[in-house]
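# Observations on chain architecture
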Amino acid sequence: MYSIGKVNEIVGGMAIRIPNSDQQISELVYDSRKISLPEESLFFALSATRDGHEFIADAYNQGIRSFIISKDVPFLMDKTDVNVLKVHDTLKALQDLAAYHRKQFHFPIIGITGSNGKSIVKAWLTQMLSIDKKVYQSPKSYNSQIGVALSLWNLQGHYDLAIIEAGISEPGEMDALAAMIKPDIGVFTNLGIAHAQHFKSKEEKLAEKLKLFKESNLLIAGSSYVPKEMVENKPLFSWGYLEQDDLQLLEQQQVGQETQLDIQYKGSIHQLKIPFTDKASIENVVSCVAIMLNLQYDIANIQQRVYGLKPLEMRLQLKKGINNSSIIDDSYSNDLASLKISLDFLQQQNQYQKKSIILSEMDGLEENEKFQKKLSEILNGQSLKRLIWVGKDYDFLTALHIPEKLFYPTTASLLEDLHNISIEKESVLIKGARIFQFEKVVERLALRSHGTVLDINLNALTNNLMVYRSLIPPQVKLMTMVKAFSYGSGSFEVANLLQFAKVDYLTVAFADEGVELRSAGITLPIMVLSPDADTFSALIKHDLEPEVYSMSFLNDFIAFLKDQQIKSYKIHLKLDTGMHRLGFFPEEIPAVIDRLKSQDQVVVQSFFTHLVASGDPKQDEFTQYQIDTYSQSAKLLEDGLGYNFIRHVANTSGIVRWPEAHFDMVRLGIGLYGVDMDRKLENLEQVSTLRTTVTQLKELKAGETIGYDRKGVLHRDSKIATVKIGYADGYNRRFGQSVGKMQINGKLVPTVGSICMDMCMLDVTDIEVKEGDEVLVFPDLMQASKDIGTIPYELLVNISGRVKRVYYYE
Ligand SMILES: *Cc1c(COP(=O)(O)O)cnc(C)c1O
């Protein structure tokens, strides 16, 4: 904690006003949606996708009284109770403050970078070192220019060692990270092709990454990734297959689910039993071993700890829980920084009013009053209904303003008593340090999934939203399509995220989809594309805004509203410019104007049309015709009504290919879910992954047949895998007879025979596979849809409701 006066000194700011220079700062904030301790928070007006200066009023209204700005903010002019520091560059100020804080600590700091594996190496190393050390690891998603600063800000004196991850995507970024982290020991995990787009060559990328270690005393890296010449004047500890490597890898052999790896270190040979078999995991383990050798652990100890490693789920997961609850499973680490990330996520959940937390003891709490105070303030700020605490019982816990508090000394005692706690219609965050094994609690509270799961990556969804947002001017509004269960990916789970991301509108197909979102606490405006007369009362009750597409519908709706004595209800007028589905023809607009002017039950909130082929260059002339027709009608309507309304035309491909069709708002659909129909955007991320597992393996002779009607005839002796996904799950029957290709252990394998209702069979003769292995059902969604003559939209929305959705967030 530093006083704001001290902060000003550290960042070299110009104090516009410091009425309270002793104000202690413990939290650094840059997002006004994520504020937990306003009095002790310092708000940095950063300029990212949005300019942080725009959110100062919001932050002020939430109680923040200390700001760092880089340009004048009229709002702050007359606020005499506010500390305002002005700097040239607010991000630099944040980083300088983090760098200063980091310098207060003299325990070793390990800095990790590399293309892949840095998070897993960090997590495994923490897992192995935590047995005898207090280890701080930076939260997974905090590895960027802002994230690293926040990670370092959370360093505290009771740690023995800290592991900080650094990630870059563009040249020039590493210097700032290196200046903050100043790692004593540097670790380079590997060099892959990820994020290559901004670099001219692999060498350039490597050179940029190595800048992290400029001032390190030691660098640990694989010799195949970092050639000795690249780090001439730096002590290098290399691992690899070369004789001159400090840690040389010799024979390796796969035995069941393990790998036995012979290594040579300081002239003697040892064997490691690694509980993984894939190449990436083995390399990551070797990185950890190299680090531990350099931390002076002896081989026997390392061998034992490596053997105890477990595959880690490092991302937070949102799952359906028992008795209509939502389970947020973040049972992988526990410290203040990562607790805050998961509490933010808990706060984004609107589906149940009740929010609870199951929390484990944290390292360093004992006899550390400051830490205890901060934890209580954070927990008090969350309007939690229940705290279930596992670990040592502290006085400060009893004093928390949480109505229901339960204390258990151990996870075992909680598990024993769990059936007495009624968990129902609530969102429960489960957050514990690894040693508490909260996965056992999750197992009891989350509903089980039966083999086939649809993973939904919420970070990818956020990323894609930003990608499209960056394609439209700031004043253009964003409507996102969540019809058909958000293209198969979820209802409130996706809508919560969109609401948090402050999109302007949501769109559903039917009234009941909108009702479901409203009962899950979604407050954004919602447009309904295909409303029916029998849902009028539901529309009004739940504040849903209908698309109005015909005179008879308009008349019926007006009559209904009149009957209910409702005025000025928002409607969205649809123009048919060529789709010939729903909508008024342009010729009808004068009559629509007359009708609207003769009543006061409805107001036109928006006027829109739908492009039929915005993605198809061959139809560009027709698209242009649609846009022109729309513009003329919009002008006519506006003149006729005498007021403005939101004009919108563009769907996903329209956003990308038709900037002139952005008007006042765009309607983002398939692109949000990561499908780039136009193949123009390189930074979209895949949102959903449908995966299942191999249930049974069979060796069969040539001539045997597979499945119904003997359709799958074997022309050679074959190995056949049965997987639990069939047409009832949305795996179309047309994928049968080798048309569909799934992926197992990185290899594509065809279906064999017909697809059954709940299962299908794969020809795995040519690959290494064992029962229980993971299977990717659609390794390439675009290709899969082509294979059966459809489009990705159809495959996504057909993934049946019985396939469990699990949401991931980092
Ligand atoms: C579904 C839909 C969209 C979104 O289309 P995408 O191609 O998925 O972007 C936009 N507008 C209307 C009217 C729709 O029905």
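Residues numbered from 1 in each chain as written. Predicted model: local features only at pLDDT ≥ 70, side-chain atom pairs only at ≥ 80, totals over all residues. Heavy atoms only, no water.

## Topic: the overall build of the protein
Using the following cut-off: Comment: elements are numbered from the N terminus, with helices defined as DSSP H or I runs of at least four residues and strands as E runs of at least two. The atom set for the radius of gyration is the C-alpha atoms, and the globule formula is 2.2 Å times the number of residues raised to the power 0.38. Partly exposed describes any residue whose relative accessible area lies between the buried limit of under 20% and the exposed limit of over 50%, with all areas from a 1.4 Å probe on protein chains only and scaled to the type maximum. Exposure was quantified through the Shrake-Rupley algorithm and a 1.4 Å probe, taking into account, for residues, occlusion by the shown protein chains and nothing else. Counted as positive: Lys and Arg. Counted as negative: Asp and Glu, with His and the chain ends omitted from the count. Each charge is placed at NZ for Lys, CZ for Arg, CG for Asp and CD for Glu.
Secondary structure assignment for the protein yields 26 helices and 40 strands. Computed over C-alpha atoms, the radius of gyration of the protein comes to 29 Å, within 12% of the 28 Å expected from 2.2 N^0.38 for 810 residues, which places it in the range of a compact globule. Judged by the C-alpha coordinates and their principal axes, the protein covers about 90 × 90 × 60 Å. Put simply, the protein has 810 residues, and 57% of those count as buried. Total accessible area on the protein stands at roughly 34,600 Å², and carbon and sulfur atoms take up 49% of it. Treating the 87 positive side-chain charges of the protein as one cloud and the 102 negative ones as another, the clouds have centres 1 Å apart.

## So, the UniProt feature "active site" (unreviewed entry) in the protein
Put simply, the rule reads: UniProt positions are given in the numbering used here, feature names are shortened, and annotations may be inferred rather than shown by experiment. Note on contacts: a residue pair qualifies if any of its non-hydrogen atoms lie within 4.5 Å across the two residues.
Under the UniProt annotation, "active site" (unreviewed entry) lies at K483 and Y708. In sequence the annotated residues extend across 226 residues, and in space they extend as well, their farthest C-alpha pair lying 35.6 Å apart. Counting through the fold element by element, K483 comes out in helix 17 (residues 483-487). Each residue touching K483, except ones within four places of it in the same chain, is listed here: T507, V508, A509, E513 and L529. The residue Y708 is located in the loop between strand 33 (705-706) and strand 34 (712-713) in this model. In this structure Y708 comes out as exposed when scored by relative accessible area, which is 56%. Setting aside anything within four residues of it in sequence, one finds Y708 in contact with S754 and C756.

## Quick look at the site of the ligand
Rule in force here: Throughout this document, a residue counts as near a molecule or strand when at least one of its heavy atoms sits within 4 Å of that molecule or strand. Counted as a polar contact is a pair of N or O atoms within 3.5 Å, where, for protein atoms, one must be capable of donating a hydrogen and the other of accepting one, and residues adjacent in sequence contribute only when both atoms are in side chains.
Taken together, the residues surrounding the ligand are M481, K483, Y487, L529, R581, H610, N651, T652, R667, G669, I670 and Y793. Contacts to the ligand include K483, whose side-chain N or O atom sits 2.6 Å from an oxygen atom. With respect to the ligand, the backbone of I670 contributes an N or O atom lying 2.7 Å from an oxygen atom. The protein chains hide 94% of the 390 Å² of surface that the ligand would expose on its own.

## Re the environment of M757
Looking at the secondary structure, you find M757 in the loop between strand 37 (747-752) and strand 38 (760-763). Among the residues examined, M757 registers a relative accessible area of 43% and is labelled partly exposed. Along the sequence, M757 and G746 sit 11 residues apart, while their C-alpha atoms lie 26 Å from each other. The residues touching M757, leaving out its near neighbours within four places in the chain, are G726, Y727, A728, D729 and R802.

## Let's talk about the sheet that holds strand 6 (residues 66-69)
Selection criterion: For two strands to count as paired, DSSP must find a minimum of two bridges between them. For helices, the fitted axis covers only the stretch in contact; all axes are lines through C-alpha atoms, and the angles between them, taken along N-to-C directions, range from 0 to 180 degrees.
Read across the open sheet, the five strands follow the order 2-7-6-5-4; overall the sheet is mixed. Looking at strand neighbours, the two that pair on one side only are strand 2 (14-17) and strand 4 (27-29), the edges of this open sheet. Across this sheet, the average inter-strand angle for adjacent strands is 25 degrees, counted without regard to direction. Note: strand 6 against strand 7 (residues 83-86), four bridges, orientation parallel. Across the sheet, residue I68 finds its bridge partner in strand 7, namely L85.

## Some points on the UniProt feature "domain: Alanine racemase C-terminal" (unreviewed entry) in the protein
Mapped onto this numbering, the UniProt entry gives "domain: Alanine racemase C-terminal" (unreviewed entry) at residues 687-808. The annotated region residues 687-808 carries 11% helix and 37% strand content, and the separation between its end C-alpha atoms amounts to 10 Å.

## Observations regarding the domain arrangement of the protein
For the record, the criterion: Segment limits for the domains were obtained from an automatic or database-derived domain assignment.
One can read the domain layout of the protein as domain 1 (2-93), domain 2 (105-307), domain 3 (316-448), domain 4 (455-673) and domain 5 (688-809). With centres defined by C-alpha atoms, the gap from domain 2 to domain 4 works out at 50 Å.

## Some remarks on the packing of helix 6 (residues 145-153) against helix 7 (residues 174-181)
Which entries qualify depends on this criterion: Note on angle classes: values under 35 degrees are labelled roughly parallel, values over 145 roughly antiparallel, values of 65 to 115 roughly perpendicular, and the remainder oblique. Gly is placed with the polar residues, together with every amino acid not listed as nonpolar (Ala, Val, Leu, Ile, Met, Phe, Trp, Tyr, Cys and Pro) or charged (Asp, Glu, Lys and Arg).
Orientation of helix 6 relative to helix 7, taken along the N-to-C sense of each, is 0 degrees, at an axis distance of 10 Å. With respect to helix 7, the element helix 6 is oriented roughly parallel. Where helix 6 approaches helix 7, its residues Q145, V148, A149 and L152 are matched on the opposing element by A176, L177, M180 and I181. Here the residues of the contact of helix 6 with helix 7 are counted per class, giving seven nonpolar, one polar and no charged.

## Here's the deal with the pairing of strand 27 (residues 544-548)
Applied cut-off: If the strands point away from the viewer and the path from the first strand over the helix to the second runs clockwise, then the crossover is right-handed.
Most of strand 27 is tucked away, with five of its five residues classed as buried. When strand 26 (residues 526-528) meets strand 27, the two strands line up parallel, connected through three bridges. Bridge pairing in strand 27 places V528 opposite P546. At this point the chain moves from strand 26, through helix 20 (residues 536-541), to the parallel strand 27, and the crossover so formed is right-handed.

## Quick notes on the environment of L97
In this structure, L97 sits in helix 4 (residues 90-102). Along the chain, L97 and F43 lie 54 residues apart, while their C-alpha atoms are 13 Å from each other. Filtering out sequence-adjacent residues up to four positions away, L97 remains in contact with V7, I10, V11, L28, L42, F44 and W153.

## Things to note about the pattern of salt bridges
We count it as follows: Throughout this description, the term salt bridge denotes a Lys or Arg side-chain nitrogen within 4 Å of a carboxyl oxygen of Asp or Glu.
One pass over the full model with this rule turns up 39 salt bridges. Two residues, E377 and K373, come together in a salt bridge whose shortest N-O distance is 3.6 Å. In this pair, E377 and K373 both sit in helix 12 (residues 369-380), four residues apart, roughly one turn of the helix. Assessed through its relative accessible area of 43%, K373 is described here as partly exposed. In this structure, a network of salt bridges that share partners links the residues E27, K340 and K374.

## Remarks on the side chain of D329
In this structure, D329 sits in strand 18 (residues 325-330). Residue classification places D329 among the buried residues on the basis of a relative accessible area of 8%. Beyond its immediate chain neighbours, meaning those up to four positions away, D329 contacts R315, L316, Q317, K319, I430 and V442.

## Focus: the pairing of strand 40 (residues 804-809)
Of all the six residues making up strand 40, five are buried; the element is thus mostly covered by neighbouring parts of the structure. Of the strand pairs in this sheet, strand 17 (residues 316-321) and strand 40 are connected by three bridges, and their pairing is antiparallel. The residue bridging Q317 from the neighbouring strand is Y808, located in strand 40. As judged from the five bridges shared by strand 23 (residues 453-457) and strand 40, these two strands associate in the parallel manner. Bridging from a neighbouring strand, N457 pairs with Y808 of strand 40.

## A closer look at the nonpolar core
Where we set the bar: By nonpolar core is meant a set of buried Ala, Val, Leu, Ile, Met, Phe, Trp, Tyr and Cys residues that side-chain atoms within 4.5 Å join together.
With 236 residues, the main nonpolar core has I110, F188, L247, L506, F557 and L573 as its most contacted residues. At nine residues, helix 9 (residues 279-294) tops the list of elements feeding residues into this core. Apart from residues lying up to four places away in sequence, F188 is in contact with T113, G114, L206, K209, L210, F213, L219, I220, A221, G222, Y225 and V226. By size, the runner-up hydrophobic cluster in this structure holds 19 residues, among which are L414, L415, V428 and I430.

## Details of the packing of helix 11 (residues 336-347) against helix 12
In the contact formed by helix 11 and helix 12, the axes pass within 12 Å of each other and the chain directions differ by 5 degrees. Taken together, the axis directions place helix 11 and helix 12 in an arrangement best described as roughly parallel. Packed against helix 11, whose contacting residues are L336, L339, K340 and L343, the element helix 12 presents F371, K374, L375 and I378 at the interface. Split into classes, the residues belonging to the contact of helix 11 with helix 12 amount to six nonpolar, no polar and two charged.

## Looking at the side chain of S32
As for its position among the elements, S32 is in the loop between strand 4 and strand 5 (41-44). Each residue touching S32, except ones within four places of it in the same chain, is listed here: F43, F55, D58, A59 and Q62.

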